[in-house]
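Coordinate analysis (summary)
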Amino acid sequence: MEQINWQQLSRQLADWRAAIHRYPELSHQERVTTDYIIRQLSPFGALEISCPAATGVVVRLRGAHPGRTLAFRADIDALPVEEKTGLACASTRPGLMHACGHDMHTAMLMGAASVLAQQQASIHGEILFIFQRGEEMSPGGAKELVASGVLAGAEMFFALHVLPSLPCGTLALKRGIATANRDTFNISIQGRGGHSAMPHLTLDPLIAATQAVQALQSIVAREIDPRESAVISVCSLICGDGTTAAIPNEARLCGTTRTFTPEVRAQIKAAIARIVQGVAQAHRCQARVIFDEWDYSAIINDDRLCDIASAAARSLGAFYAQSAPAFVGEDFSEYQAIAPVCFAWLGVANGEGEQPALHNSFFNPCEDALLHGTRYYLALARKLVMS
Ligand SMILES: [Zn+2]
Ligand SMILES: [Zn+2]
């Protein structure tokens, strides 16, 4: 890859990222972003561009020689967050922002596709570049791509996600379990409303709901093996409309759980249902507990791919072996249905000190990381389909 002009590539990556950042689009609505990726990659004749879903792009690069099929995945969607960074490339769409760095992911993968398209003659096998829609919103865009069959034949999947708590350009990798099972629950507690001065004639769902919130916290503290990890967060309690004259009919709760194993996942779901039903019954109310069927499973990084990825990362300089998995949910895990996967974090800390987190209005990743990400993909391609 001696002929690559890294400075020029770095500028190109920053331009792509800025253009995508200026026009964030919500999950499953990434039409302008999809058109932009197609328009920018079309001049590279070797790339076969397709759109298997309403938005998002899958690009295939067939090498000159037979060999393995390697897949790289970036996600392309933004979030309903108001940007407050004041950057020159800040969002032009009120209330929307690329606050999870998917603009960075997209630009880095465009960079890898554009470079490798010019090296088709030395590629043994195929490379798939997946620009996936809708990561932030269940059911996610990965599941439909897996079901569509367009990725059939892929033998390994790699992805990067930016992380502001790591120094810019550092790659971090966790062998085995890398992210959590993410489940979402919706609870409805039905009582019987009435006059607030005559509570004996009502069945108060608010009393049941607030006790349920407290009782759910005992699951992690008292039911889960302390050597395991789990999170239960009740994030919303909706009950009543502000009036003090009436006791409402219904209370609604929603929240999320995070676990690392299928056993703890099942245990927590059963315990939530049991406790909510029991508390509701104690207060003569009815409860309904629904778990979102589309939630994301944990990413299990493949050992062999981790070895290859850490060698690629080490060859670029900073590398960090993570000891603990992250509690986030990621639909990159869906690709495990096809082949082994490897998910790595890319540091994007902007200078020293505390950094605005992912999904924060002030999130401002260091642009220098773009070139590191693209070079990581290029190093993987070199190791896997170019030697
Ligand atoms: Zn996110
Ligand atoms: Zn993300």
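Think of each chain on its own: its residues are numbered from 1, step by step along the sequence as written. As a convention, the first chain written is A and the first ligand written is 1, with the rest following in written order. It should be noted that, the model being predicted, local features are given only for residues of pLDDT at least 70 and side-chain atom pairs only at 80 or more, the latter also being counted only at that level, while totals for whole chains, interfaces and linings use all residues.

**A short note on the overall build of the chain**
The way it works is that DSSP assigns letters per residue, a run of H or I at least four long becomes a helix, a run of E at least two long becomes a strand, and they are numbered from the N terminus. The helix and strand tally for the chain stands at eight helices and 16 strands. Within these notes, the globule rule equals 2.2 Å times the number of residues to the 0.38 power, and the radius of gyration is based on C-alpha atoms. For 387 residues, the compact-globule estimate of 2.2 N^0.38 gives 21 Å, and the chain sits close to it at 24 Å. Taking the principal axes of its C-alpha atoms as reference, the chain extends roughly 80 × 40 × 40 Å. The proportion of buried residues among the 387 residues of the chain is 45%. Note that contacts rest on C-beta atoms placed from the backbone: two residues are in contact if these are within 7 Å. Sequence separation of 24 or more characterises 80% of the internal contacts of the chain that already satisfy a separation of 6 or more. Whether a residue is buried, exposed or partly exposed is read from the other C-beta atoms within 10 Å of its own C-beta, which are placed from the backbone; 20 or more gives buried, 12 or fewer gives exposed, and intermediate counts give partly exposed.

**Overview of the pairing of strand β5 (residues 156–163)**
Successive residues of a regular strand alternate their side chains across the two faces of the sheet. Within β5, eight of the eight residues are buried, which leaves the element mostly enclosed by the surrounding structure. Burial of β5 is two-sided: the residues Met156, Phe158, Leu160 and Val162 facing one way and the residues Phe157, Ala159, His161 and Leu163 facing the other way are all buried. For strand β3 (residues 65–75) and β5, the ladder comprises four bridges, and the chain directions are parallel. Within β5, the position partnered with Leu70 by the bridge is Met156. At least two bridges found by DSSP between two strands are what make those strands a pair. Pairing analysis gives seven bridges linking β5 to strand β16 (residues 341–347), with the strands arranged parallel. Each bridged residue has a counterpart across the sheet, and for Val162 the counterpart in β16 is Leu346.

**Brief notes about the domain arrangement of the chain**
When the parts of a complex come together, some accessible area is lost, and that lost area is often used as the size of the interface. Bear in mind that the domain bounds are from an automatic or database domain assignment. Domain boundaries in the chain define domain 1 (6–179 + 298–385) and domain 2 (181–291). Computed over C-alpha atoms, the centres of domain 1 and domain 2 are 37 Å apart. For the side of domain 1 that touches domain 2, the class distribution of residues is four nonpolar, one polar and no charged. Here the term charged refers only to Asp, Glu, Lys and Arg, the term nonpolar to Ala, Val, Leu, Ile, Met, Phe, Trp, Tyr, Cys and Pro, and the term polar to all other amino acids, Gly among them.

**Focus on helix α3 (residues 102–116)**
If you check α3, its first and last C-alpha atoms are 21 Å apart, about what 15 residues at 1.5 Å a residue would give, namely 21 Å. Most of α3 is tucked away: 15 of the 15 residues are buried. A helix is expected to span 1.5 Å for every residue after the first.

**What about the sheet that holds strand β8 (residues 181–190)?**
Strand order across the open sheet formed by four strands is β10-β12-β8-β13, with antiparallel pairing between neighbours. Only two strands of the sheet have a single neighbouring strand rather than two, namely β10 (230–239) and β13 (286–291). In this sheet, adjacent strand axes meet at a mean angle of 20° when their direction is disregarded. To obtain an axis, a line is fitted to C-alpha atoms, over the contacting stretch when the element is a helix, and the angle between two such axes runs from 0 to 180 degrees between their N-to-C directions. Along the sheet face, helix α5 (residues 205–222) touches β8, β10 and β12 (250–259) and points at about 170° away from the line of β10. Across the face of the sheet, helix α6 (residues 262–282) comes into contact with β8, β10, β12 and β13 while running at roughly 160° to β13.

**A short note on the nonpolar core**
For our purposes the nonpolar core covers buried Ala, Val, Leu, Ile, Met, Phe, Trp, Tyr and Cys residues that link as a set through C-beta atoms within 7 Å. Core analysis: the biggest nonpolar cluster contains 99 residues, and Met108, Leu109, Ala112, Phe129, Ala309, Ala344 and Ala381 have the highest contact counts within it. The biggest single contributor to this core is helix α8 (residues 369–385), with 11 residues. Formed jointly, this core draws a minimum of three residues from each of two domains, domain 1 (6–179 + 298–385) and domain 2 (181–291). Beyond its immediate chain neighbours, meaning those up to four positions away, Met108 contacts Leu13, Ala74, Leu160, Leu370, Gly373, Thr374 and Tyr377.

**Here we look at the environment of Ile187**
Looking at where Ile187 falls in the secondary structure, it is placed in strand β8. For Ile187 and Leu237, which are 50 residues apart along the polypeptide, the C-alpha to C-alpha distance reads 9.4 Å. Setting aside its immediate chain neighbours within four residues, Ile187 contacts Arg252, Leu253, Val276, Ala287 and Val289.

**Focus on the packing of α3 against α8**
Relative to each other, α3 and α8 sit at 45°, their axes nearing to 8 Å. Relative to α8, the element α3 lies oblique. Note that α3 runs across α8; the crossing there is right-handed. Across the interface between the two elements, Met104, Ala107, Met108, Leu109, Gly111, Ala112, Val115 and Leu116 from α3 touch Ala369, Leu370, Gly373, Thr374, Tyr377, Leu378 and Ala381 from α8. Here roughly perpendicular refers to angles of 65 to 115 degrees, roughly parallel to angles under 35, roughly antiparallel to angles over 145, and oblique to all remaining angles. Each crossing is labelled by how the near helix is turned from the far one, with a counterclockwise turn of less than a right angle marking it left-handed and a clockwise turn marking it right-handed.

**Here we look at helix α7 (residues 303–315)**
With 13 residues, α7 should reach 18 Å at 1.5 Å per residue; the first-to-last C-alpha distance of 18 Å fits that figure. Three or more residues of α7 are buried, namely Leu305, Cys306, Ala309, Ala312 and Ala313. Along α7, the residues classed as buried sweep out an arc of 130° about the axis, all on the same side. Exposed residues on α7 whose side chains face more than 90 degrees from its buried face are Asp303, Arg304 and Arg314. Looking at the buried positions of α7, the neighbouring elements they touch are β5, β6 (171–173), β14 (300–301), β15 (319–321), β16 and α8. What the arc measures is the spread of directions leading from the helix axis to the C-beta atoms.

**So, the environment of Ser310**
Examined against the element boundaries, Ser310 turns out to sit in helix α7. Expressed as a C-alpha distance, the spacing of Ser310 and Thr85, which sit 225 residues apart in the sequence, is 33 Å. With near-sequence residues (within four places) excluded, Ser310 lies in contact with Leu173, Phe319 and Ala321.

**Quick look at the packing of α7 against α8**
Two elements in contact, α7 and α8, have axes whose closest approach is 9 Å; the angle formed by their N-to-C orientations is 125°. When the axis of α7 is compared with that of α8, the two are oblique. Note that α7 runs across α8; the crossing there is right-handed. Of the residues in α8, those in contact with Ile308, Ala309, Ala311, Ala312, Ala313 and Ser315 of α7 are Tyr376, Ala379, Leu380, Lys383 and Leu384. Of the residues that constitute the contact of α7 with α8, the class distribution is nine nonpolar, one polar and one charged.

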